[in-house]
Amino acid sequence: PHGAVCVERRNRGYTLTHAATGAPVARLRPDPDGEHVEVLYWSLRTDRWSSTGPFGRTILPLDQALRFIAAEPIFWTLM
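Here the structure is a predicted model, which means the values were calculated and not measured.

Enquirer: Teacher, can you tell me more about the overall build of the protein here?
Expert: Looking only at helices and strands, the protein has one helix and six strands in total. Relative to the compact-globule value of 12 Å for 79 residues, the protein shows a C-alpha radius of gyration of 12 Å, a close match. Projected onto the principal axes, the alpha-carbon positions of the protein cover approximately 35 × 25 × 25 Å. The buried share of the protein, reckoned over its 79 residues, is 33%. Taking contacts inside the protein between residues at least 6 apart in sequence as the whole, the part at least 24 apart equals 32%.

Structure representation (structure tokens):
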């Protein structure tokens, strides 16, 4: 619903950027078992990737992580 995203492999994970603007959307960092990813968002306050969970890390299977990113406004504030 927010438009297309581009995915680029960087360091230990994948960075998702908005295709039209190039703004950071989310960062997905695979966990050691390879079946889940940690979901991070770009924090303007700290100018770095930050955890999305209110009490720490958010780790989900990839399909759930992508639905989470699409549904949560925090990932789309830079558009």
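Enquirer: What is the right way to read the packing of aromatic side chains from this model?
Expert: The relation between two aromatic rings is expressed through the spacing of the ring centres and the mutual angle of the planes. All told, the structure shown has two aromatic pairs when counted by the stated rule. A centroid spacing of 5.2 Å and a plane angle of 80 degrees characterise the contact between W42 and W49, whose relative ring orientation is edge-to-face. By relative accessible area, which is 18% here, W49 ends up buried. Considering the side-chain rings of F68 and F75, the 5.7 Å spacing of their centres and the 80 degrees angle between planes classify their relative orientation as edge-to-face. If you follow R9 out to its NZ or CZ, it ends over the ring of Y14, 5.1 Å from the centre.

Enquirer: Hey, could you run me through the pairing of strand β2 (residues 13-18) in this one?
Expert: In summary, the side chains of a regular strand alternate between the two faces of the sheet. Along β2, five of the six residues are buried, which leaves the element largely enclosed by surrounding structure. Note that strand β1 (residues 5-10) and β2 share six bridges and pair antiparallel. Following the sheet pairing, E8 is matched in β2 by T15. In this antiparallel pair of consecutive strands, β1 and β2, the connection spans two residues, and N11 shows a positive phi of 50 degrees. Where β2 folds back onto strand β3 (residues 24-30) in an antiparallel hairpin, the turn is made up of five residues, including G22, whose phi is positive at roughly 80 degrees.

Enquirer: Please clarify how the nonpolar core should be interpreted in this entry.
Expert: Within soluble globular proteins, side chains that are nonpolar tend to cluster in buried spots. Listed in full, the 12 residues of the largest apolar core are L16, V25, A26, L28, V37, V39, Y41, L60, A65, I69, F75 and W76. Of all the secondary-structure elements, those providing two or more residues to this core are β3, β4 (36-43) and α1 (62-71). Leave out the neighbours within four places in its chain, and Y41 touches V25, R48, W49, S50, S51, T52, I74 and F75.

The rules behind the values
- All residue numbers here refer to positions counted from 1 along the written sequence of the relevant chain.
- Totals for whole chains, interfaces and linings use all residues, but because this is a predicted model, local features are given only for residues with pLDDT of at least 70 and pairs of side-chain atoms are given and counted only at 80 or more.
- Side-chain metrics in this entry use all non-hydrogen atoms of the structure; hydrogen atoms and water are not considered.
- Labels follow the DSSP assignment, with helices taken as runs of H or I lasting at least four residues and strands as runs of E lasting at least two, numbered in each case from the N terminus.
- The globule rule used here is 2.2 Å times the number of residues to the 0.38 power, and the radius of gyration it is set against is calculated over C-alpha atoms.
- Partly exposed describes any residue whose relative accessible area lies between the buried limit of under 20% and the exposed limit of over 50%, with all areas from a 1.4 Å probe on protein chains only and scaled to the type maximum.
- Working rule for contacts: check all heavy atoms of both residues, and any pair within 4.5 Å makes them a contact.
- Here a pair means two rings of Phe, Tyr or Trp (six-membered ring of Trp) with centres within 6.5 Å. Their orientation is stacked below 30 degrees between planes, edge-to-face above 60, and tilted elsewhere.
- Each ring is checked for a lysine NZ or an arginine CZ that lies within 6 Å of its centre and within 35 degrees of its normal; such an atom marks a charge sitting over the ring.
- When DSSP finds two or more bridges between a pair of strands, those strands are recorded as paired.
- Residues enter a nonpolar core if they are buried and are Ala, Val, Leu, Ile, Met, Phe, Trp, Tyr or Cys, with the set joined through side-chain atoms within 4.5 Å.

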